[in-house]
Amino acid sequence: MASAGSIEQTFVSLEDGIQRLTLPLPSGPKHVHCYLVEGTLFDTGLGLGEAPWTSVSVERIAITHFHPDHVGGAAAAAKATGAPVFQGGLDYAQCERVWGSRDWPERMAAWFTTHGVPRHVVDDLIEQGHAFAPFVRYALDPDLLYEGSVLAGWDVIELPGHADGQLGFLRDGVLIAGDHLLHPISPAIGLYPDSRPDPLGDYLGSLERTIALAPRVVYPGHGEPIRNAAERAQELIAHHERRLDRTAEALADTGRTAYEISLEVFGAELGPTQRRFAVAETLSHLERLVREGRAARAGDSGTLTYTGPQLDEDIPPSTNAHGVGA
Ligand SMILES: [Zn+2]
């Protein structure tokens, strides 16, 4: 078993015929899990350093979502095992856009700037983005999966929120969930450019769906198996409802940027990377508030701001209700 401080990079047998491989991460939760069940390998780690892919029999590789700690080792795992790679259709499109294009850090930086993020935080993003992207070696042209696909007896479930294209794999009450459901950390739910417009709304829907699916056990990308999935989903719904309320309280009559609101909701003492996560998370909550009629968004000379609900008669109700456009 993996223990704190040292991660033993071997496959460990769990219940349900599942083998788990835990790989180290340089930051965040410090580890990520890959699962192997009867020849299907779910996720591949960051791809830095060696992984024991040839010590086991891998017939196919399934990716839960395109974040680096899950997809970064996909090309290496495919090469070592000769196994085909399966990834969500929407997820692969985003994977290519983010890790396969040269200008993604600049586009992301421009987008953060419109949300009030200061120059030094944005410059750090460009630097980090270019340094990091070449190490994310996803597999090119995977077989694409969608809601309703079946892979080796696993039902493919789309669970958007943490990533737009986040997939779950469900079989006999076992859900391989990537980062959809975690414990004790709560999955980051951020709004990013070129993504679905209401990730928190998506996520709350995916949590309700998890409660309805009622899996017996969830195997997450980080942390121990979750045996009270419905209860955990309910806790996460409550967590986001509280954060929606905190975000709403930070709104004023005069427009404030998502960056300014993030200072209030997440505090002022964050480094550049954590600040960007905080702004993206603040934005997913602000956009949910806009859709609930509890906030309004306004565009002003390249800067987007949010206020409390605008009851101005001049605003057509459809625009007000849906918050479409900038
Ligand atoms: Zn992860």
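The model shown is predicted, which means the values in this text are computed figures rather than measured ones. (Residues numbered from 1 in each chain as written. Predicted model: local features only at pLDDT ≥ 70, side-chain atom pairs only at ≥ 80, totals over all residues. Heavy atoms only, no water.)

In the predicted model, the protein chain carries a mean pLDDT of 92, and 92% of its residues have values of at least 70. Across residues 1-5 the pLDDT falls below 50, and counting only partners more than four positions away or on other chains, this stretch makes 5 contacts in the model. Note that residues 319-326 has pLDDT below 50 and, in this model, 15 contacts with residues that lie over four places away or in other chains. (pLDDT = per-residue confidence, 0-100. Contact = heavy atoms within 4.5 Å.)

Within the structure shown, the criterion is met by 7 aromatic pairs. Aromatic pair tyrosine 92 and tyrosine 138: ring centres 6.0 Å apart, planes at 70°, arrangement edge-to-face. With a gap of 46 residues between them, tyrosine 92 in helix H3 (residues 89-99) and tyrosine 138 in the loop between helix H5 (119-132) and strand E7 (143-145) connect regions that are remote in the sequence. Side by side, tyrosine 92 and tyrosine 138 carry an identical accessibility label, which is buried. Feature note: the residues Phe42, Trp154 and Phe169 constitute an aromatic cluster, connected by ring pairs. (Phe/Tyr/Trp six-rings, centres within 6.5 Å; stacked < 30°, edge-to-face > 60°. Helix = DSSP H or I, 4+ residues; strand = E, 2+ residues; numbered from the N terminus. Buried < 20%, exposed > 50% of the residue type's maximum accessible area, 1.4 Å probe, protein only.)

Our focus in this paragraph is the coordination of the zinc ion. Donor atoms from the polypeptide that coordinate the zinc ion comprise Asp69 (OD), His70 (NE2), Asp179 (OD) and His222 (NE2), at 2.0 to 2.3 Å from the metal. Every donor counted, the 4 donor atoms about the zinc ion form angles of 88 to 164° at the centre, which fits irregular coordination. One chain supplies every donor for the zinc ion, spaced along it as D-H-x108-D-x42-H. Linking aspartate 179 in the loop between strand E11 (174-178) and helix H6 (199-213) with histidine 222 in the loop between strand E12 (217-220) and helix H7 (229-249), this pair joins segments that are 43 residues apart in sequence. (Donors = N, O, S within 2.8 Å, 3.2 Å for Na, K, Ca; no water. Tetrahedral: all angles 85-135°; square planar, octahedral: opposite > 155°, others 65-115°.)

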